[in-house]
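The residues making up each chain are set out below.
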Amino acid sequence: MPSLGVNIDHVATIRQARYRHGAVGVVEGTEEPDPVLAAHEATLGGADCLTIHLREDRRHVNDRDLELLCRTARVKVNLEMAATDEMVAIALSHRRERVHAGRPQMVTLVPEGRQEVTTEGGLDVAGQAARMKAVVAKLKDAGIVVSAFIDADLAQVDASADAGFDCCELHTGPYATAFAASGGDFRAGAGAAALAASLERVHDAGEHIMSRAIRFNAGHALNYANVRPIAELVGIEELHIGHAIVSRAVFCGMRQAVAEMKRLISASV
Ligand code: PXP
């Protein structure tokens, strides 16, 4: 059964909606909701990994969140970041005092656009092979597991394996879009063929990842309706899910929202 990484950026997005421009009555340290508290609730709900994306512009998660999460997490921490010198230095300097020897255990390299609402496409590993190889080597030397967030594209898989990545996280956004457009119907209707083709692309890229002896993960825009066919892919190891879980948590709490997603994933296998 694939494990579940819960992305808590969206909790920080809610916090920043209130505090970004300064709000009446704010005392530093009391801003809410706190993504680190959300992370602990997610852990109690069964999260196997906690993901945060420290963006260059710190638009949601900030340095304090990363620091505190790394100090207190009881499960794996996955730092999503751009492959910049600043972010590599931060990944290398973070201390995980209890769980692991002082650093985020996993880094996922993602492309970053200032204008995007969330990560929009996969990283172009093939187009910057030398840079990727150098960044991956630096992080791996420090004992960090390094993942590439890429489109379901065989050339990007090959480039990631050649650059030394330990895992590839396949971008499931196109699959999720096809699922929504077809109402999740794989057999009939206007969008069925496109949906089947989008799942096939993830499947084929996943097989290729495993043939290169690296780990097959997936994420982005997965939700309670569309997760099952992805969770059923043979050999898939981790699913990374944020928005859908935080959205459900607004109504039922983080612990329950994560537990429900875990149940769906375990029912898939
Ligand atoms: N994986 C990566 C690399 C991401 O950038 C994101 C979005 O932050 C996710 C997974 C989770 O996507 P979503 O919030 O749509 O579940």
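Numbers given to residues run from 1 along each chain, matching the order in which its sequence is written. pLDDT decides what is reported in this predicted model: residues at 70 or higher carry local features, side-chain atom pairs at 80 or more are listed and counted, and totals for whole chains, interfaces and linings draw on all residues regardless. Side-chain figures throughout are based on the complete set of non-hydrogen atoms in the structure, without hydrogens or water.

Take the overall build of the protein next. Helix and strand definitions here come from DSSP, where helices need a minimum of 4 consecutive H or I residues and strands a minimum of 2 consecutive E residues; each element is numbered from the N-terminal end. From N to C terminus, the protein includes 11 helices and eight strands. Burial classes follow relative accessibility: with a 1.4 Å probe on protein chains only, a residue under 20% of its type's maximum area counts as buried, one over 50% as exposed, and anything between as partly exposed. Evaluated residue by residue, the protein yields a buried proportion of 49% over its 269 residues. Any two residues whose heavy atoms approach within 4.5 Å at even a single point are treated as in contact. The contacts of the protein with a sequence gap of at least 6 include a subset with a gap of at least 24, amounting to 69%. Of the accessible surface of the protein, which amounts to about 12000 Å², a share of 53% is contributed by carbon and sulfur atoms. If the 28 positive side-chain charges of the protein are averaged to one point and the 35 negative ones to another, these points end up 5 Å apart. With residues, only the protein chains shown are counted as cover, and all accessible areas are computed by Shrake-Rupley using a 1.4 Å probe. When charges are tallied, Lys and Arg are placed among the positive residues and Asp and Glu among the negative ones, while His and the ends of the chain are skipped. Lys charges are placed at NZ, Arg charges at CZ, Asp charges at CG and Glu charges at CD.

Going from Glu 32 to Pro 33, the amide bond is cis rather than trans, its omega being 0°. Looking at the secondary structure, you find Pro 33 in the loop between helix H1 (9–19) and helix H2 (35–44). Unusually for a residue other than glycine, Arg 58 sits at a positive phi of about 50°. Mapping Arg 58 onto the fold places it in the loop between strand S2 (49–53) and helix H3 (63–72). One non-glycine residue, His 220, lies in positive phi territory at about 105°.

Take the pattern of salt bridges next. Definition used for salt bridges: Asp or Glu carboxyl oxygen within 4 Å of a side-chain nitrogen of Lys or Arg. Summed over all chains, the structure comprises 18 salt bridges. Its salt-bridge partner being Arg 64, residue Asp 34 comes within 2.7 Å of it at the nearest N-O pair. One end of the pair, Asp 34, is in the loop between H1 and H2; the other, Arg 64, is in helix H3, and 30 residues separate them in sequence. Of the residues examined, Asp 34 reaches a relative accessible area of 16% and is grouped as buried. Between Glu 237 and Arg 215 there is a salt bridge, with the nearest N and O atoms lying 3.4 Å from each other. In this pair, Glu 237 is assigned in the loop between helix H9 (227–231) and strand S8 (238–241) and Arg 215 in strand S7 (residues 215–219), connecting sequence segments 22 residues apart.

Orientation of H2 relative to helix H11 (residues 254–267), taken along the N-to-C sense of each, is 45°, at an axis distance of 7 Å. Here H2 is positioned oblique relative to H11, judged by the angle of their axes. The way H2 lies across H11 gives a crossing that is right-handed. Here Ala 38, Glu 41, Ala 42 and Leu 44 of H2 lie close against H11, whose contacting residues are Met 254, Arg 255 and Val 258. Across the contact of H2 with H11, the residue classes tally to five nonpolar, no polar and two charged. For helices, the fitted line uses only the C-alpha atoms of the stretch in contact; every axis is such a line through C-alpha atoms, and the angle between N-to-C directions lies from 0 to 180 degrees. Every angle not falling under 35 degrees, over 145, or within 65 to 115 is termed oblique; those three ranges are roughly parallel, roughly antiparallel and roughly perpendicular. If you view the pair so one helix is near and one far, a crossing is left-handed when the near helix is turned anticlockwise from the far one by less than a right angle, and right-handed when it is turned clockwise. Under the convention adopted here, Pro, Cys and the residues Ala, Val, Leu, Ile, Met, Phe, Trp and Tyr are nonpolar, Asp, Glu, Lys and Arg are charged, and Gly plus all remaining residues are polar.

As used here, the term nonpolar core means buried Ala, Val, Leu, Ile, Met, Phe, Trp, Tyr and Cys residues forming a set that is joined through side-chain atoms within 4.5 Å. Ranked by internal contacts, the top residues of the largest apolar core, which has 74 residues, are Leu 109, Leu 139, Ile 230, Leu 239 and Ile 245. In this structure, Ile 245 is in contact with Leu 4, Val 6, Tyr 224, Met 254, Ala 257, Val 258 and Met 261, ignoring residues within four places of it in sequence.

Let us look at the pairing of strand S4 (residues 106–109). Residues of S4 alternate between two faces, with Met 106 and Thr 108 on one and Val 107 and Leu 109 on the opposite face, all of them buried. Here a strand pair is declared whenever DSSP counts at least two bridges between the two strands. Here S4 runs beside strand S5 (residues 145–150); their pairing, made up of four bridges, is parallel. Bridge pairing in S5 places Thr 108 opposite Ser 147.

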